[in-house]
Amino acid sequence: MGKQYGFYADTSRCIKCWACEVACKQWNGIKAGTIARRKVHEIDSGKFPTPTRTFISMSCMHCAEPACEKVCPAGAISKREEDGIVVVDKNKCIGCHYCFFACPFGVPEYTDAGMDKCDACLGNGVKIDEGEMPHCVATCPTKALHFGPMDELREMQSQKTAKKVVSDSTRPSFLAS
Amino acid sequence: MGEERSLTRRTFMAGTAALGAMAALAGAMPQTLAYADDAKKMAASSSDATEVKHAWCQMCGPAKTACSTLCHIKDGRWVHVEGNPEAGNNYGRGSKTLCAKGNSAMQVLYDPARITYPMKRVGEKGEGKFERTTWDEAYKAIADKLKEQKEKYGPESYGVLSPQAYQVLWTLGRRFLNVHGSPNYMHSAICALQRAASKKICLGSADCDPGQLDKTKLYVIWGANPENSAINQGKPNARLDAIENGTKVIDIRPMLDGLGAHADIWVPIRPGTDGALALAVLNHIITNDLYDHDFTANWCNGFDKLAEHVKPFTAEWASEHTGLPKEQIEEVAHLMGTTKPMGILYGNGIGDQQNDGNWTCIAICLIEAITGNLDIAGGGGAKKTVPKPMFETKKFDILTDRLPKSAEDEEKGYFAGMSKLVAPETPRWYQNPKTWESGPNSAYFKALMSILTEDPYPLRAVLGQASNPFGATRQPKKIAEALKKLDFYFVHDTHWNTSCDYADYVLPAATHYECSQQFGTKNTPAGTFIAINQKIAEPLGESRSDWDFYMGLAQAMGYGDDFWNGDMDACLSEQLDGSGFTLEDLRAANQGIFVARTDGAKAEEPTYQNYEKLFAALPNGKVQCYNEWIGGKPNNTETGELGYLPEYVGPPESLAGTPELAEEYPLIISDVHAYRLCNHSYYVGVPYLRELQPYPWVKINPDTAKKYGIADGDWMKVESPHGWVKLRAEYKEGISPEVLMTRRGWWQDCQELGLPAYGCFDGGSDSTVLYDSTIENFDPFHSAMSKQTLVKISKIEEGK
């Protein structure tokens, strides 16, 4: 197994501009009004005049032990040896939704072609092994979203106040700060 | 490693409160980035079997050259777009970033709602009955009309609408005006130009916005909105870098927006009352002796008069107007008076969308000045010097000397054309080649009103190119009346904007992706970049580019000799002459051309506190605390004199200013002007963007909404003394319970998503109907119009 790649979302730099969401759609040929492989979530707390707003861009977490892969009866979901990216073979997918119920984060969505989720832009030609970035990361105007081997991301995150994404069983490849 | 907290499935799916608890972030530390800075490597990134072409992004307005993009074309169709790492966009070379709008650009080119053929009105104005015509017929009709009117009423009877900063208009459009002989460039009065003029007459060439943000200790954001207006142009990223570096940020805006959420102090001021806050800050700083004595003694004109003048404007007084607690006003004033270096970024929200925008900006400039923060490292201005470009292109000649000088111009000492301005935006005496933008300006709204009032004379023909007058100014009702009475209105646009129904001719515009005529340069310490838009698709139907439109019009008018006989390539080649590049070179460059610096020059620290030079153009060579540049001179409507010292006027309708009115209309409304999912009133039809804002929204504090029985997502009737609109409630804690914030311009539908257009008159969804449009209330120096009023609200039951 090569290095596990993943995403790191730095909430101290996200301004909810939605560039990542739209970049994801246009590069992956996703029509407006259908699914979203990536979403910017907003978490609000407090009341006027001291409310807080926190923004975090999230997608598939490419778990080290993906629950979706384990439950797929069609063998359509696999975890790549070389980079740990979890990918789906739409030709094999039977659309049973088992993966949706298994995923601790509710990531899988479905189109007529089958289950759909983030593949770190492997499908549109980004060469992550050559250091290229998925388009959501490349387009981020405020350097709030990062991608790379988990050890490198952990090093970046350690400079910040870490927020852990918890899922005991699947070990998501996603960091937040 | 800091404290760890949990993000659960529930948080991820529903975006609930869990992460909110984590929002209080501890120590901000420098960040190591995983990006390779090697631009070559980045440039090589794109996918395989596609062709890549260069374009300047059009999503912040046609003819802009802010963000260079690479457009990926597959089987003849433009499918993807990314920021060009060669160009030095956003944070510099290697940056492939774009905003949400930039990422949607393809959908504008392929929008099924584009206008494809020249159309001629056959019904009544406003009725919407048109039939197809030809370019030749349309040009002939327009030229016949303009020639006839020029003969009968003089060339000044023709005016052109100026949309947001528009390169075509300030080059070819200006040249056309000058050759035709009209000064009536109808400038919006909602523009950075307003702020620039106020600053110029107060600080000369000095600045308030820090030129070296990495050295700034306190950064005050005041009515500025770069996370909406210019996400990919460096400022948001630079501010976040500064915050990590320890800069403290005060954000003074009615809404807690994306960047405001990262500020140390949010100051939720009532819209339109910034002038009161600025005066109170001056009062606090002077009263508490927090000002820079050396600076005020040596470089301020009339500081004592200012000190006396601001005495009544205490924090208590400002609290009544701004709705802010007295303590917060004092806290902010104290920080501004005691933290150095301090810089202020003030924006459109206060400078050009308030009746007293001029004095508000001046008061803010004076805060920066008297605290001794001008032109020091990390304070206002004091940018590092950027080395000279590696090559230069020629400035476009707009033939200013062709504008006729009238006897009145001569007699009054005006520059050519001034006395013929139908509605001077800034006073006639102020407009001259040293102070104007690209030539004389009439104010958009006031100039259109001349059609109704015939004072001093009515405009007879108006051209609208990429500007919707129902979205670009105030009170569509009055605009419609004016367009109905106007002799001749012709439009060139990509889309059938609301005003097209009132036009005599509507001509189809190509996007800038369908021509190769827009070039631009970017100069940085690393080198100089130049690129032109490559043609990505043939013009849709019979559409013609903005540039070709003017070339054809000039030919039809018989002005061909001054317009390269209609040859746009010749016009472009003339500008490139001496740059070392030909038009062919540019058109062959799929990523543009970057010339790396070879002269060894670097960005250098400037000479600081260079006051003699910066204030050279100001009366007595000093900052105008007591303003002798404008004081005692005629205002822009020539109905009175301008004052010498900052005055607070406030919105025409406000809680503190008009308490009787507030009994019936208890809430304040304003709008964000620029928003990150559209370009002013354009692009609401773009599917990727509309998906993110499907309905005309209004942000409302949940406590207020609940009082009126309005649930999150309910439609509301919002009624001011001037008109009413339907808006959809969006709950937001980051807004005061007494304030609503919305966004204007919903005239485009989105076929792909099945979402409708919304009207711009009463009962529609355009906030411009809500505001006062009494010309006497506009800013007497630069014509800014108020964007704040009082409203009452109620829930609209379904089906009504």
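Residues numbered from 1 in each chain as written. Chains lettered and ligands numbered in written order. Predicted model: local features only at pLDDT ≥ 70, side-chain atom pairs only at ≥ 80, totals over all residues.

Enquirer: I keep staring at the overall build of chain A and nothing clicks. Help me out?
Expert: Tallying secondary structure elements over chain A gives five helices and 10 strands in all. The C-alpha radius of gyration of chain A comes to 16 Å, within 12% of the 16 Å expected for a compact globule of 177 residues. By the burial criterion, 56% of the 177 residues in chain A qualify as buried. The contacts in chain A between residues at least 6 apart in sequence include a share of 60% that link residues at least 24 apart. (Helix = DSSP H or I, 4+ residues; strand = E, 2+ residues; numbered from the N terminus. Rg over C-alpha atoms; globule rule 2.2 N^0.38 Å. Buried ≥ 20, exposed ≤ 12 C-beta atoms within 10 Å, placed from the backbone. Contact = placed C-beta atoms within 7 Å.)

Enquirer: Whenever I open this one, the overall build of chain B confuses me. Can you help?
Expert: Helix and strand content of chain B: 26 helices and 27 strands. Taken over the C-alpha trace, chain B has a radius of gyration of 26 Å; the compact-globule value for 800 residues is 28 Å, and the two agree within 12%. With the C-alpha coordinates of chain B rotated into their principal frame, the extents come out at 70 × 65 × 65 Å. In chain B, which comprises 800 residues, the proportion classed as buried is 57%.

Enquirer: Would you take a moment to explain unusual backbone geometry for this structure?
Expert: Note: most residues except glycine have negative phi, and most peptide bonds are trans. Each neighbour pair has its own omega, and for Phe48(A) with Pro49(A) the value is 5 degrees, a cis peptide bond. Cis geometry is found at the peptide bond from Lys340(B) to Pro341(B), where omega equals 0 degrees. You will see that Asp75(B), though not glycine, has its phi angle at about 50 degrees, which is positive. With respect to the helices and strands, the residue Asp75(B) is situated in the loop between strand E3 (68-74) and strand E4 (77-83). Its 8 C-beta neighbours within 10 Å are what place Asp75(B) among the exposed residues.

Enquirer: Honestly, helix H4 (residues 135-153) of chain B in this entry has me stumped. Any pointers?
Expert: Each turn of an α-helix holds 3.6 residues, which means side chains three or four residues apart point in the same direction. Residue and element names in this part refer to chain B. Compared with an ideal rise of 1.5 Å per residue, which puts 19 residues at 27 Å, H4 spans 26 Å between its outermost C-alpha atoms and is within 8% of the ideal. Buried residues along H4 sit against strand E5 (119-121), strand E7 (158-161), strand E15 (461-465), strand E16 (488-493), strand E17 (505-508) and helix H20 (546-557). Directly beyond the C-terminal end of H4, a positive phi value near 95 degrees is found at Gly154. (Expected span 1.5 Å × (residues − 1).)

Enquirer: Got a minute to help me understand the packing of helix H5 (residues 167-180) of chain B against H20(B) in this structure?
Expert: The angle between the axes and the distance between the axes are what describe a pair of packed helices. All names here are of chain B. Remark: H5 packs on H20, axes separated minimally by 10 Å, with the N-to-C direction vectors making an angle of 0 degrees. Accordingly, the angle class assigned to the pair H5 and H20 is roughly parallel. Residues Val168, Leu172, Gly173 and Phe176 of H5 touch H20, and the partners they reach there are Asp546, Trp547, Tyr550, Leu553 and Ala554. Looking at the contact of H5 with H20 residue by residue, the classes come out as seven nonpolar, one polar and one charged. (Axes fitted to C-alpha atoms, helices over the stretch in contact; angles between N-to-C directions. Parallel < 35°, antiparallel > 145°, perpendicular 65-115°, else oblique. Nonpolar A, V, L, I, M, F, W, Y, C, P; charged D, E, K, R; others polar.)

Enquirer: Just to check I follow, could you spell out the packing of helix H9 (residues 274-287) of chain B against helix H13 (residues 326-338) of chain B for this structure?
Expert: All names here are of chain B. At a closest axis distance of 9 Å, the pairing of H9 and H13 adopts a crossing angle of 60 degrees. Classified by the interaxial angle, the pair formed by H9 and H13 is oblique. In the crossing of H9 with H13, the sense of the turn from one axis to the other is right-handed. Along its contact with H9, which presents Leu277, Ala280, Val281, His284 and Ile285, the element H13 presents Ile329, Glu330, Val332, Ala333, His334, Met336 and Gly337. A class-by-class count of the residues in the contact of H9 with H13 yields eight nonpolar, three polar and one charged. (Left-handed = near helix turned anticlockwise from the far one by under 90°.)

Enquirer: Help me understand the sheet that holds strand E26 (residues 739-742) of chain B, please; the structure alone is not making it clear to me.
Expert: Strands in a sheet are paired, the pairing made by backbone hydrogen bonds, and the direction either parallel or antiparallel. All names here are of chain B. Taken in spatial order, the six strands line up as E22-E26-E23-E25-E24-E27 and close into a barrel, and their pairing is mixed. Shown here is a sheet whose adjacent strand axes are inclined to one another by a mean of 45 degrees, direction ignored. Note: strand E23 (residues 697-700) against strand E25 (residues 723-731), four bridges, orientation parallel. Counted as the bridge partner of Val698 is Ala729 from E25. (Pairing = 2+ DSSP bridges.)

Enquirer: Whenever I open this one, the sheet that holds strand E14 (residues 442-443) of chain B confuses me. Can you help?
Expert: All names here are of chain B. The strand order across the open sheet built from eight strands is E6-E5-E17-E16-E15-E7-E8-E14, with neighbouring strands paired in mixed fashion. Every other strand in the sheet has two partners, leaving strand E6 (130-132) and E14 as the edge strands with one partner each. The pairing of E5 with E17 spans two bridges and is antiparallel. By the bridge assignment, Lys120 is partnered in E17 with Tyr505. Seen against the sheet, H4 touches E5, E7, E15, E16 and E17 and runs at an angle of roughly 130 degrees to E17.

Enquirer: I would appreciate a short explanation of the domain arrangement of chain B in the present structure.
Expert: It is common to give the size of an interface as the accessible area lost on bringing the parts into contact. Residue and element names in this part refer to chain B. Here chain B is partitioned into domain 1 (39-109), domain 2 (119-183 + 403-508 + 544-563), domain 3 (194-384 + 611-624) and domain 4 (659-795). Taking only C-alpha atoms, the centre of domain 1 and the centre of domain 4 are 33 Å apart. Contacts between the two partners involve nine residues from domain 1 and, on the opposite side, eight residues from domain 4. Taken together, the residues of the side of domain 1 that touches domain 4 break down into five nonpolar, three polar and one charged. (Domains from an automatic or database assignment.)

Enquirer: What am I meant to see in helix H8 (residues 235-244) of chain B here?
Expert: Residues and elements named next belong to chain B. With seven of its 10 residues buried, H8 lies for the most part within the structure. Those residues of H8 that fall on the buried side of the exposure criterion are Lys235, Pro236, Asn237, Arg239, Leu240, Ala242 and Ile243. As for H8, its buried residues are in contact with strand E9 (218-222), helix H7 (226-229) and strand E10 (248-252). At the C-terminal side of H8, Gly246 shows a positive phi close to 105 degrees.

Enquirer: It is not clear to me how the nonpolar core should be interpreted in this structure. Could you clarify?
Expert: Generally speaking, soluble globular proteins have nonpolar side chains that are buried together. All names here are of chain B. If you look at the biggest cluster of nonpolar residues, it comprises 265 residues, and the most contacted ones within it are Leu366 and Ile367. The greatest single-element share of this core, amounting to 10 residues, is contributed by helix H15 (residues 357-370). Residues in contact with Leu366, not counting those within four places in the same chain, are Cys202, Leu282, Leu306 and Cys625. (Core = buried A, V, L, I, M, F, W, Y, C linked by C-beta atoms within 7 Å.)

Enquirer: Explain the pairing of strand E3 (residues 52-58) of chain A to me, please; I cannot follow it from the model alone.
Expert: The side chains of a regular strand alternate between both faces of the sheet. Residue and element names in this part refer to chain A. Of all seven residues in E3, seven are buried; the element is thus mostly enclosed. Alternating positions in E3 separate into two faces, Thr52, Thr54, Ile56 and Met58 on one and Arg53, Phe55 and Ser57 on the other, with burial throughout. Of the pairings in the sheet, the one linking strand E2 (residues 39-45) to E3 comprises seven bridges and is antiparallel in character. Each residue of the ladder has a partner; that of His41, found in E3, is Ile56. Taking the residues between adjacent antiparallel strands as the criterion, E2 and E3 are bridged by six residues, where Gly46 takes a positive phi near 80 degrees.

Enquirer: Looking at this model, I keep getting lost on the environment of Pro236(B). Mind explaining?
Expert: Following the sequence through the fold, Pro236(B) ends up in helix H8. Residues Pro236(B) and Asn90(B) lie 146 residues apart in sequence; the distance between their C-alpha atoms is 9.2 Å.

Enquirer: Explain the environment of Ile630(B) here, please?
Expert: All names here are of chain B. Here Ile630 lies in the loop between strand E21 (623-624) and helix H24 (659-664). Among the residues examined, Ile630 registers 26 C-beta atoms within 10 Å and is labelled buried. Note: C-alpha distance between Ile630 and Ala315 (315 residues apart in sequence) is 28 Å. Residues in contact with Ile630, not counting those within four places in the same chain, are Ile201, Leu642 and Phe781.

Enquirer: What am I meant to see in the environment of Pro172(A) here?
Expert: Residues and elements named next belong to chain A. Structurally, Pro172 can be placed in the loop between strand E9 (164-165) and strand E10 (174-176). Judged by the 24 C-beta atoms lying within 10 Å of it, Pro172 falls in the buried class. Considering only alpha carbons, one finds Pro172 and Gly2, 170 residues apart in sequence, at a separation of 16 Å. If near-sequence neighbours (up to four positions away) are discounted, Pro172 is found in contact with Met61, Cys63, Val165 and Ser167.

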